[in-house]
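Each chain, written out:
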Amino acid sequence: MELIQQHSNLSAYLAADDVIDHEHPLVRKTAALLRPGAPSAYAYAEAAYTFVRDTIPHSHDAGDERVTWRASDVIERRTGICHAKAHALAALLRAEGIPTALCYQRLADDDGANPVLHGLVAVRLPGHGDWLRQDPRGNRPGVDARFSVDGERLAFTVRTEYGEVDYPQLYAAPHPAVLGALRAAPDRSYLWRTLPAAL
């Protein structure tokens, strides 16, 4: 699949905003803690990915009802669904000058029912001409996502026979429908009922 930039200028994928708030002191502090053991952009990207995947539990897996959406809050509270974790990873990567986009998949149950949008990121690393999708959702039995520049190792492989979709667009900011659902949800149970099923 060919990924499509929403913006032609890479600077859009380095921007800070209310969601990917990479100028926040906690995001900067976290990036600084990750940096010493990661001397290259590749090593730092992998370290940031592993940090978000492994130290911030997916709220559904953990049974956590709190809803987070701002990157700094995800890092502080150590919880979030896939979209929130993607925001946190984007902030940590942009904090170190690595262009990072948000991207989405439409996933469904094994019978094609209950479709929902899944969030992940794509990064542009020095020396790689292509965007590389990475999924920091968090592993569990049956899910084994890994940081990779040699072929995707995402949490989920899209099954077109169930109506699942890989959206090729690379967004500089969260999709408004996703962000609206996150901001409006008083808890994760409510969010589960109101997340968009498609873009």
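Up top you'll find the structure we're talking about.
From a predicted model like this one, the values you see are computed outputs, not experimental measurements. (Residues numbered from 1 in each chain as written. Predicted model: local features only at pLDDT ≥ 70, side-chain atom pairs only at ≥ 80, totals over all residues. Heavy atoms only, no water.)

Caption draft 1: The packing of helix α1 (residues 25–34) against helix α5 (residues 82–95), seen in detail. Look at α1 against α5: their axes get within 9 Å of each other, and the N-to-C directions meet at 70°. Between α1 and α5, the crossing angle belongs to the class labelled roughly perpendicular. α1 and α5 meet at a crossing whose hand is right-handed. Between α1 and α5, the residues in contact are Val 27, Arg 28, Thr 30, Ala 31 and Leu 34 and Ala 91, Leu 92 and Ala 95, respectively. (Axes fitted to C-alpha atoms, helices over the stretch in contact; angles between N-to-C directions. Helix = DSSP H or I, 4+ residues; strand = E, 2+ residues; numbered from the N terminus. Parallel < 35°, antiparallel > 145°, perpendicular 65-115°, else oblique. Left-handed = near helix turned anticlockwise from the far one by under 90°. Contact = heavy atoms within 4.5 Å.)

Caption draft 2: Expanded view of helix α6 (residues 176–184). Within the span of α6, buried status applies to Val 178, Leu 179, Ala 181 and Leu 182. On an axial view of α6, the arc spanned by its buried residues comes to 160°, and they lie on one face. Pointing more than 90 degrees away from the buried face of α6 are the exposed residues Pro 176 and Ala 184. (Buried < 20%, exposed > 50% of the residue type's maximum accessible area, 1.4 Å probe, protein only. Arc of directions from axis to C-beta.)

Caption draft 3: Inspection of the packing of aromatic side chains at higher detail. If you walk through the whole model with that rule in mind, you get four aromatic pairs. Note on Tyr 42 and Phe 147: the rings are 5.4 Å apart at their centroids and 70° apart in plane angle, and the pair reads as edge-to-face. Taken together, the residues span a long stretch of sequence, with Tyr 42 in helix α2 (residues 41–55) and Phe 147 in the loop between β4 (132–134) and β5 (165–166) at a distance of 105 residues. On the basis of relative accessibility, which here comes to 35%, the residue Tyr 42 falls in the partly exposed class. The buried category is assigned to Phe 147, whose relative accessible area is 10%. Note on Tyr 104 and Tyr 171: the rings are 5.7 Å apart at their centroids and 65° apart in plane angle, and the pair reads as edge-to-face. You can see Tyr 104 sitting in strand β2 (residues 100–107) and its partner Tyr 171 sitting in the loop between β6 (169–170) and α6, a full 67 residues away along the chain. (Phe/Tyr/Trp six-rings, centres within 6.5 Å; stacked < 30°, edge-to-face > 60°.)

Caption draft 4: Region of the structure containing the pairing of β2. Counting buried positions along β2 yields seven of eight residues, so the element is predominantly enclosed. By the bridge criterion, eight bridges tie β2 to strand β3 (residues 116–123) in an arrangement that is antiparallel. Each bridged residue has a counterpart across the sheet, and for Leu 102 the counterpart in β3 is Val 121. Pairing geometry for β2 and β5, over two bridges, is antiparallel. Paired with Arg 106 across the strands is Val 165, a residue of β5. (Pairing = 2+ DSSP bridges.)

Caption draft 5: Structural detail: the sheet that holds β2. Across the sheet, which stays open at both edges, the four strands sit in the order β4-β3-β2-β5 with antiparallel pairing between neighbours. Each of the sheet's edge strands pairs with one partner strand only, and the pair in question is β4 and β5.

Caption draft 6: Representation of the side chain of Thr 30 within the structure. Note on placement: Thr 30 falls in helix α1. With near-sequence residues (within four places) excluded, Thr 30 lies in contact with Phe 51, Ile 75 and Leu 92.

Caption draft 7: Up close: the pairing of β3. Burial analysis of β3 places seven of its eight residues in the buried class, the great majority of the element. Of the strand pairs in this sheet, β3 and β4 are connected by three bridges, and their pairing is antiparallel. Paired with Val 123 across the bridge in β4 is Leu 132.

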